[in-house]
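Here is what each chain is made of, one letter per residue.
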Amino acid sequence: MKKFNVAVAGATGMVGRKMLEVLHERNFPVNNIYAFASYRSAGNKIKYGDKELTVEELTERSFDRKIDIALFSAGASTSLKFAPIAARKGTIVIDNSSAWRMDKLAPLVVPEVNPEDVKWNKGIIANPNCSTIQAVVALKPLNDKYKIKRIVYSTYQSVSGAGMGGYMDLENGYKGEPPKKFVHPIAGNCLPHIDSFLPDGYTKEEMKMVNETRKILHDESLRITATTVRVPVFYSHSESINVEFEKDFDIDELRDLLSNSPGVVVQDDPEKNEYPMPIYAAGKDEVFVGRIRRDNSVNSGINIWVVADNIRKGAATNAVQIAEILIKNK
Ligand code: A2P
(Lines give C-alpha, C1' and ligand atoms only; values in the text may rest on other atoms or scores of the structure.)
Protein backbone atom coordinates (compact mmCIF):
# COMPACT_ATOMS: atom_id res chain seq x y z
CA MET A 1 0.00 0.00 0.00
CA LYS A 2 1.22 3.50 -0.86
CA LYS A 3 2.34 5.53 2.15
CA PHE A 4 2.25 9.28 2.53
CA ASN A 5 4.32 11.99 4.16
CA VAL A 6 2.04 13.80 6.58
CA ALA A 7 2.46 16.92 8.74
CA VAL A 8 0.37 18.32 11.57
CA ALA A 9 0.71 22.08 12.10
CA GLY A 10 -0.38 23.12 15.58
CA ALA A 11 0.62 19.67 16.82
CA THR A 12 0.95 20.78 20.45
CA GLY A 13 -2.61 22.14 20.61
CA MET A 14 -5.84 20.53 21.73
CA VAL A 15 -6.89 19.58 18.18
CA GLY A 16 -3.37 18.98 16.79
CA ARG A 17 -2.62 16.33 19.42
CA LYS A 18 -5.93 14.63 18.64
CA MET A 19 -5.12 14.72 14.91
CA LEU A 20 -1.93 12.74 15.59
CA GLU A 21 -3.86 10.32 17.80
CA VAL A 22 -6.63 9.79 15.22
CA LEU A 23 -4.15 9.35 12.32
CA HIS A 24 -2.47 6.61 14.34
CA GLU A 25 -5.61 4.93 15.60
CA ARG A 26 -7.17 4.79 12.08
CA ASN A 27 -3.91 3.31 10.69
CA PHE A 28 -3.45 6.15 8.21
CA PRO A 29 -0.72 4.98 5.79
CA VAL A 30 2.07 7.24 7.02
CA ASN A 31 5.61 7.20 5.70
CA ASN A 32 7.20 10.22 7.44
CA ILE A 33 5.25 12.28 9.93
CA TYR A 34 6.15 15.80 11.06
CA ALA A 35 4.87 17.85 14.02
CA PHE A 36 4.93 21.64 13.61
CA ALA A 37 4.06 24.33 16.15
CA SER A 38 5.35 27.78 17.14
CA TYR A 39 8.95 28.57 18.13
CA ARG A 40 7.78 28.21 21.76
CA SER A 41 7.43 24.43 21.40
CA ALA A 42 10.35 23.72 19.05
CA GLY A 43 12.37 20.78 20.36
CA ASN A 44 9.58 19.46 22.59
CA LYS A 45 8.56 15.83 22.22
CA ILE A 46 5.06 14.77 21.28
CA LYS A 47 3.44 11.32 21.09
CA TYR A 48 2.51 9.53 17.88
CA GLY A 49 1.46 6.01 18.80
CA ASP A 50 4.38 4.61 20.78
CA LYS A 51 6.84 6.89 18.95
CA GLU A 52 7.94 10.35 20.01
CA LEU A 53 8.12 13.14 17.45
CA THR A 54 10.30 16.21 17.92
CA VAL A 55 8.27 19.38 17.41
CA GLU A 56 9.67 21.73 14.74
CA GLU A 57 8.94 25.41 14.42
CA LEU A 58 6.57 26.06 11.48
CA THR A 59 8.45 28.28 9.04
CA GLU A 60 8.36 29.23 5.35
CA ARG A 61 10.89 26.41 4.73
CA SER A 62 8.87 23.69 6.49
CA PHE A 63 7.34 22.47 3.22
CA ASP A 64 10.57 22.42 1.21
CA ARG A 65 10.69 18.64 1.74
CA LYS A 66 8.02 16.41 0.17
CA ILE A 67 4.91 16.51 2.33
CA ASP A 68 1.78 15.05 0.70
CA ILE A 69 -0.84 16.12 3.23
CA ALA A 70 -0.72 18.70 6.05
CA LEU A 71 -3.41 18.96 8.69
CA PHE A 72 -3.47 22.51 10.10
CA SER A 73 -4.92 23.56 13.45
CA ALA A 74 -2.80 26.50 14.53
CA GLY A 75 -5.26 29.39 14.27
CA ALA A 76 -6.52 31.46 11.34
CA SER A 77 -3.57 33.86 10.99
CA THR A 78 -1.08 30.97 10.87
CA SER A 79 -3.21 29.22 8.23
CA LEU A 80 -3.60 32.37 6.15
CA LYS A 81 0.17 32.70 6.00
CA PHE A 82 1.38 29.11 5.76
CA ALA A 83 -1.36 27.14 3.95
CA PRO A 84 -0.70 28.89 0.59
CA ILE A 85 3.05 28.32 1.00
CA ALA A 86 2.42 24.61 1.59
CA ALA A 87 -0.06 24.39 -1.32
CA ARG A 88 2.42 26.04 -3.70
CA LYS A 89 4.95 23.35 -2.80
CA GLY A 90 2.45 20.61 -3.75
CA THR A 91 1.15 19.75 -0.28
CA ILE A 92 -2.61 19.40 0.14
CA VAL A 93 -3.64 21.30 3.26
CA ILE A 94 -6.67 20.31 5.32
CA ASP A 95 -7.23 23.39 7.43
CA ASN A 96 -9.19 23.41 10.67
CA SER A 97 -9.16 27.18 11.15
CA SER A 98 -11.78 29.63 9.89
CA ALA A 99 -9.29 31.18 7.43
CA TRP A 100 -10.34 29.41 4.22
CA ARG A 101 -13.82 28.09 4.94
CA MET A 102 -15.74 30.68 2.95
CA ASP A 103 -13.10 31.02 0.21
CA LYS A 104 -14.63 30.20 -3.19
CA LEU A 105 -11.53 28.22 -4.16
CA ALA A 106 -11.57 26.01 -1.03
CA PRO A 107 -14.06 23.17 -0.61
CA LEU A 108 -15.61 22.92 2.86
CA VAL A 109 -16.12 19.24 3.54
CA VAL A 110 -17.89 16.88 5.91
CA PRO A 111 -17.27 13.36 4.54
CA GLU A 112 -20.77 12.04 5.38
CA VAL A 113 -22.36 15.05 3.66
CA ASN A 114 -20.40 16.39 0.65
CA PRO A 115 -17.39 14.13 0.00
CA GLU A 116 -17.62 14.97 -3.73
CA ASP A 117 -16.42 18.53 -3.03
CA VAL A 118 -12.92 17.25 -2.15
CA LYS A 119 -12.29 16.80 -5.90
CA TRP A 120 -12.27 20.49 -6.82
CA ASN A 121 -9.63 21.49 -4.26
CA LYS A 122 -6.75 23.70 -5.40
CA GLY A 123 -4.44 22.66 -2.57
CA ILE A 124 -6.47 23.82 0.44
CA ILE A 125 -9.52 22.01 1.83
CA ALA A 126 -11.31 23.59 4.78
CA ASN A 127 -12.56 21.65 7.78
CA PRO A 128 -15.79 23.27 9.02
CA ASN A 129 -16.45 24.74 12.43
CA CYS A 130 -17.07 22.08 15.10
CA SER A 131 -20.68 23.11 15.72
CA THR A 132 -21.47 23.11 12.00
CA ILE A 133 -20.02 19.62 11.40
CA GLN A 134 -22.24 17.80 13.88
CA ALA A 135 -25.32 19.75 12.77
CA VAL A 136 -24.98 18.98 9.06
CA VAL A 137 -24.29 15.28 9.65
CA ALA A 138 -27.77 15.12 11.21
CA LEU A 139 -29.45 17.54 8.79
CA LYS A 140 -28.18 16.21 5.45
CA PRO A 141 -30.48 13.14 5.26
CA LEU A 142 -33.45 15.25 6.40
CA ASN A 143 -32.71 17.91 3.78
CA ASP A 144 -32.45 15.28 1.03
CA LYS A 145 -35.83 13.80 1.92
CA TYR A 146 -37.98 16.68 3.22
CA LYS A 147 -36.15 19.83 1.96
CA ILE A 148 -35.26 22.20 4.78
CA LYS A 149 -36.97 25.60 4.75
CA ARG A 150 -35.52 27.16 7.93
CA ILE A 151 -33.13 26.21 10.76
CA VAL A 152 -32.85 27.67 14.29
CA TYR A 153 -29.62 26.64 16.04
CA SER A 154 -29.09 27.02 19.81
CA THR A 155 -25.78 25.60 21.00
CA TYR A 156 -24.27 24.52 24.33
CA GLN A 157 -20.56 24.35 23.52
CA SER A 158 -17.76 22.85 25.60
CA VAL A 159 -14.67 24.77 26.71
CA SER A 160 -12.27 22.55 24.73
CA GLY A 161 -13.63 24.30 21.63
CA ALA A 162 -11.58 27.30 22.79
CA GLY A 163 -8.38 25.20 22.88
CA MET A 164 -6.09 24.52 25.83
CA GLY A 165 -6.79 27.99 27.23
CA GLY A 166 -10.52 27.35 27.38
CA TYR A 167 -10.04 23.97 29.02
CA MET A 168 -7.73 25.44 31.69
CA ASP A 169 -10.19 28.28 32.44
CA LEU A 170 -12.85 25.73 33.45
CA GLU A 171 -10.45 23.51 35.40
CA ASN A 172 -8.84 26.47 37.22
CA GLY A 173 -12.17 28.28 37.58
CA TYR A 174 -13.42 25.48 39.83
CA LYS A 175 -10.34 26.14 42.03
CA GLY A 176 -11.38 29.78 42.34
CA GLU A 177 -8.91 31.22 39.82
CA PRO A 178 -9.98 34.04 37.45
CA PRO A 179 -10.35 33.25 33.71
CA LYS A 180 -7.51 33.91 31.27
CA LYS A 181 -9.07 32.86 27.96
CA PHE A 182 -12.71 33.85 28.41
CA VAL A 183 -13.84 37.36 29.33
CA HIS A 184 -16.01 36.05 32.23
CA PRO A 185 -15.75 33.02 34.53
CA ILE A 186 -16.97 29.81 32.86
CA ALA A 187 -17.07 27.60 35.99
CA GLY A 188 -20.72 27.49 37.07
CA ASN A 189 -21.65 29.92 34.29
CA CYS A 190 -22.89 30.15 30.67
CA LEU A 191 -21.44 32.66 28.21
CA PRO A 192 -23.67 33.68 25.28
CA HIS A 193 -20.54 34.82 23.52
CA ILE A 194 -18.32 32.64 21.31
CA ASP A 195 -15.73 34.36 19.09
CA SER A 196 -16.10 38.13 18.62
CA PHE A 197 -19.21 40.24 18.15
CA LEU A 198 -20.16 41.66 14.74
CA PRO A 199 -21.82 45.09 14.29
CA ASP A 200 -25.30 43.52 13.90
CA GLY A 201 -25.11 41.85 17.34
CA TYR A 202 -24.39 38.30 16.14
CA THR A 203 -21.11 36.60 17.03
CA LYS A 204 -18.71 35.28 14.40
CA GLU A 205 -19.40 31.74 15.70
CA GLU A 206 -23.11 32.21 14.99
CA MET A 207 -22.45 33.43 11.46
CA LYS A 208 -20.01 30.55 10.87
CA MET A 209 -22.91 28.16 11.53
CA VAL A 210 -25.19 30.08 9.15
CA ASN A 211 -22.73 30.49 6.27
CA GLU A 212 -20.97 27.13 6.55
CA THR A 213 -24.27 25.19 6.66
CA ARG A 214 -25.35 26.91 3.42
CA LYS A 215 -22.02 26.16 1.71
CA ILE A 216 -21.93 22.48 2.74
CA LEU A 217 -25.59 21.82 1.87
CA HIS A 218 -25.16 23.79 -1.40
CA ASP A 219 -28.10 26.09 -0.69
CA GLU A 220 -27.17 29.75 -0.42
CA SER A 221 -30.77 30.80 0.20
CA LEU A 222 -31.39 28.52 3.20
CA ARG A 223 -32.91 30.53 6.07
CA ILE A 224 -30.85 29.98 9.24
CA THR A 225 -30.40 31.74 12.56
CA ALA A 226 -28.18 30.82 15.51
CA THR A 227 -27.39 31.55 19.15
CA THR A 228 -24.12 29.99 20.35
CA VAL A 229 -23.35 29.58 24.05
CA ARG A 230 -20.27 28.36 25.94
CA VAL A 231 -21.19 26.08 28.85
CA PRO A 232 -19.10 24.55 31.68
CA VAL A 233 -18.55 21.18 29.96
CA PHE A 234 -15.06 19.92 29.07
CA TYR A 235 -15.74 17.93 25.89
CA SER A 236 -18.61 17.65 23.33
CA HIS A 237 -20.93 20.29 22.00
CA SER A 238 -24.73 19.94 22.38
CA GLU A 239 -27.19 21.62 20.03
CA SER A 240 -30.91 22.16 20.08
CA ILE A 241 -31.90 22.33 16.40
CA ASN A 242 -35.32 23.45 15.26
CA VAL A 243 -36.02 22.66 11.62
CA GLU A 244 -38.92 23.57 9.36
CA PHE A 245 -39.41 21.51 6.19
CA GLU A 246 -41.01 22.18 2.79
CA LYS A 247 -42.57 18.69 2.73
CA ASP A 248 -44.58 16.88 5.37
CA PHE A 249 -43.06 13.90 7.18
CA ASP A 250 -43.93 10.93 9.30
CA ILE A 251 -42.07 11.12 12.61
CA ASP A 252 -41.31 7.36 12.76
CA GLU A 253 -40.04 7.42 9.20
CA LEU A 254 -37.88 10.45 10.02
CA ARG A 255 -36.43 8.67 13.06
CA ASP A 256 -35.66 5.58 10.93
CA LEU A 257 -34.04 7.78 8.32
CA LEU A 258 -31.73 9.28 10.95
CA SER A 259 -30.96 5.82 12.41
CA ASN A 260 -29.79 4.64 8.99
CA SER A 261 -27.71 7.71 8.15
CA PRO A 262 -23.91 7.54 8.03
CA GLY A 263 -22.21 8.82 11.17
CA VAL A 264 -25.47 9.18 13.14
CA VAL A 265 -26.52 7.25 16.25
CA VAL A 266 -30.08 7.80 17.44
CA GLN A 267 -30.46 7.75 21.24
CA ASP A 268 -34.10 8.54 21.79
CA ASP A 269 -36.06 6.69 24.44
CA PRO A 270 -37.54 9.24 26.85
CA GLU A 271 -39.22 6.52 28.93
CA LYS A 272 -35.79 5.16 29.78
CA ASN A 273 -34.31 8.67 30.18
CA GLU A 274 -32.26 7.98 27.07
CA TYR A 275 -30.99 10.96 25.11
CA PRO A 276 -27.55 12.17 23.97
CA MET A 277 -25.29 13.77 26.59
CA PRO A 278 -21.85 15.33 26.28
CA ILE A 279 -20.01 13.16 28.79
CA TYR A 280 -21.05 10.01 26.88
CA ALA A 281 -20.38 11.43 23.40
CA ALA A 282 -16.84 12.42 24.46
CA GLY A 283 -14.20 10.15 22.96
CA LYS A 284 -16.55 8.91 20.18
CA ASP A 285 -16.70 9.77 16.48
CA GLU A 286 -20.45 9.52 15.89
CA VAL A 287 -23.03 12.29 16.04
CA PHE A 288 -25.70 11.40 18.62
CA VAL A 289 -29.29 12.52 17.99
CA GLY A 290 -32.26 12.36 20.35
CA ARG A 291 -35.31 14.22 21.72
CA ILE A 292 -36.75 13.86 18.20
CA ARG A 293 -40.21 15.43 18.24
CA ARG A 294 -42.63 17.36 16.09
CA ASP A 295 -42.71 21.15 16.41
CA ASN A 296 -46.46 21.69 16.68
CA SER A 297 -46.16 25.47 16.17
CA VAL A 298 -45.54 25.11 12.40
CA ASN A 299 -46.96 22.95 9.57
CA SER A 300 -43.94 20.69 9.14
CA GLY A 301 -41.18 21.03 11.71
CA ILE A 302 -39.12 19.17 14.30
CA ASN A 303 -36.91 19.74 17.31
CA ILE A 304 -33.83 17.56 17.76
CA TRP A 305 -30.95 17.44 20.26
CA VAL A 306 -27.58 16.75 18.67
CA VAL A 307 -24.37 15.96 20.59
CA ALA A 308 -20.84 15.14 19.36
CA ASP A 309 -17.23 15.29 20.53
CA ASN A 310 -16.06 18.65 19.21
CA ILE A 311 -12.37 17.71 19.23
CA ARG A 312 -12.91 14.39 17.42
CA LYS A 313 -15.81 14.55 14.90
CA GLY A 314 -15.92 18.35 15.22
CA ALA A 315 -12.26 18.71 14.26
CA ALA A 316 -9.58 15.98 14.22
CA THR A 317 -11.59 12.98 13.00
CA ASN A 318 -13.34 15.01 10.30
CA ALA A 319 -9.96 16.25 9.03
CA VAL A 320 -8.50 12.73 8.98
CA GLN A 321 -11.62 11.43 7.17
CA ILE A 322 -11.01 14.10 4.50
CA ALA A 323 -7.41 12.90 4.21
CA GLU A 324 -8.75 9.34 3.76
CA ILE A 325 -10.89 10.50 0.81
CA LEU A 326 -7.84 12.21 -0.70
CA ILE A 327 -5.68 9.10 -0.60
CA LYS A 328 -8.50 6.94 -1.94
CA ASN A 329 -8.66 9.25 -4.98
CA LYS A 330 -4.89 9.03 -5.56
P1 A2P B 1 2.45 26.35 20.52
O2 A2P B 1 2.02 25.29 21.48
O3 A2P B 1 3.89 26.27 20.17
O4 A2P B 1 2.00 27.74 20.92
P5 A2P B 1 -4.72 25.56 21.06
O6 A2P B 1 -5.79 26.08 20.14
O7 A2P B 1 -5.08 24.27 21.72
O8 A2P B 1 -4.25 26.58 22.03
O9 A2P B 1 -3.45 25.22 20.09
C10 A2P B 1 -2.92 26.12 19.17
C11 A2P B 1 -1.82 25.44 18.37
O12 A2P B 1 -1.37 26.36 17.36
C13 A2P B 1 -0.59 25.09 19.19
O14 A2P B 1 0.00 23.90 18.68
C15 A2P B 1 0.32 26.28 18.94
O16 A2P B 1 1.71 26.02 19.11
C17 A2P B 1 0.04 26.51 17.48
N18 A2P B 1 0.43 27.86 17.05
C19 A2P B 1 0.01 29.05 17.52
N20 A2P B 1 0.62 30.08 16.88
C21 A2P B 1 1.45 29.51 15.96
C22 A2P B 1 2.36 30.01 14.98
N23 A2P B 1 2.54 31.32 14.80
N24 A2P B 1 3.05 29.13 14.23
C25 A2P B 1 2.89 27.79 14.40
N26 A2P B 1 2.05 27.25 15.30
C27 A2P B 1 1.34 28.10 16.08
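About the thresholds
Residues numbered from 1 in each chain as written. Predicted model: local features only at pLDDT ≥ 70, side-chain atom pairs only at ≥ 80, totals over all residues. Heavy atoms only, no water. Helix = DSSP H or I, 4+ residues; strand = E, 2+ residues; numbered from the N terminus. Rg over C-alpha atoms; globule rule 2.2 N^0.38 Å. Buried < 20%, exposed > 50% of the residue type's maximum accessible area, 1.4 Å probe, protein only. Contact = heavy atoms within 4.5 Å. Core = buried A, V, L, I, M, F, W, Y, C linked by side-chain atoms within 4.5 Å. Pairing = 2+ DSSP bridges. Right-handed = clockwise from strand over helix to strand, strands pointing away. Near = heavy atom within 4 Å. Polar contact = N/O pair within 3.5 Å; in protein donor to acceptor, adjacent residues only side chain to side chain. Areas by Shrake-Rupley, 256 points an atom, 1.4 Å probe, with all protein chains shown as cover. Nonpolar A, V, L, I, M, F, W, Y, C, P; charged D, E, K, R; others polar. Salt bridge = Lys/Arg side-chain N within 4 Å of Asp/Glu carboxyl O.

Some details on the overall build of the chain
Turning to step 1, where the next piece is worked out: Counting secondary structure elements, the chain contains 8 helices and 14 strands.
Turning to step 2, where the next piece is worked out: Against the compact-globule benchmark of 20 Å for 330 residues, the chain has a radius of gyration of 20 Å, which places it among compact chains.
Turning to step 3, where the next piece is worked out: Taken over the C-alpha atoms alone, the chain extends approximately 60 × 50 × 40 Å along its principal axes.
Turning to step 4, where the next piece is worked out: In the chain, which comprises 330 residues, the proportion classed as buried is 52%.
Turning to step 5, where the next piece is worked out: In the chain, 68% of the contacts between residues at least 6 apart in sequence involve partners at least 24 apart.

What to know about the nonpolar core
Turning to step 1, where the next piece is worked out: Leu20, Leu23, Phe28, Ile69, Leu71 and Ile94 are the most contacted members of the largest nonpolar core, which has 37 residues in total.
Turning to step 2, where the next piece is worked out: Secondary structure elements with two or more residues in this core: β1 (4-9), α1 (14-25), β2 (30-37), β3 (45-48), β6 (69-72), β7 (92-95) and α8 (312-329).
Turning to step 3, where the next piece is worked out: Ranked by residue count, the leading element in this core is α8, at 9 residues.
Turning to step 4, where the next piece is worked out: If we skip the residues at most four places from it in the chain, isoleucine 69 touches Asn5, Val6, Ala7, Phe28, Thr91, Ile92, Ile94, Ala323, Leu326 and Ile327.
Turning to step 5, where the next piece is worked out: In this structure, Leu217, Phe245, Val287 and Ala308 belong to the second largest nonpolar core, which totals 36 residues.

So, the pairing of β7
Turning to step 1, where the next piece is worked out: With burial as the criterion, each face of β7 is covered, one bearing Ile92 and Ile94 and the other bearing Val93 and Asp95.
Turning to step 2, where the next piece is worked out: Note that β6 and β7 share 4 bridges and pair parallel. Within β7, the residue paired with alanine 70 across the bridge is valine 93.
Turning to step 3, where the next piece is worked out: Viewed along the sheet, the connection from β6 through helix α2 (residues 76-88) into β7 turns out right-handed.

Things to note about the site of the ligand
Turning to step 1, where the next piece is worked out: The full set close to the ligand counts 15 residues, and Thr12, Met14, Ser38, Arg40 and Ser41 are the nearest of them.
Turning to step 2, where the next piece is worked out: Here an oxygen atom of the ligand and a side-chain polar atom of threonine 12 are 2.5 Å apart.
Turning to step 3, where the next piece is worked out: Contact between the ligand and glycine 13: an oxygen atom at 3.0 Å from a main-chain N or O atom of the residue.
Turning to step 4, where the next piece is worked out: About the coverage of the ligand: the protein hides 68% of its 580 Å² of free accessible area.
Turning to step 5, where the next piece is worked out: Each residue belonging to the shell around the ligand can be placed in one class, and the counts come to 6 nonpolar, 8 polar and 1 charged.

Some words on the pattern of salt bridges
Turning to step 1, where the next piece is worked out: One pass over the structure, following the stated rule, counts 21 salt bridges.
Turning to step 2, where the next piece is worked out: In this structure, aspartate 68 and lysine 66 form a salt bridge, with 2.5 Å as the shortest nitrogen-oxygen distance.
Turning to step 3, where the next piece is worked out: With a relative accessible area of 7%, aspartate 68 lands in the buried category.
Turning to step 4, where the next piece is worked out: Between lysine 313 and glutamate 112 there is a salt bridge; the shortest N-O distance is 2.8 Å. Placement of lysine 313 in helix α8 and of glutamate 112 in the loop between β7 and β8 (124-126) is noted, with a sequence separation of 201 residues between them. In this structure, lysine 313 and glutamate 112 share a single accessibility class: buried.

Shape descriptors only; they carry no functional weight alone.
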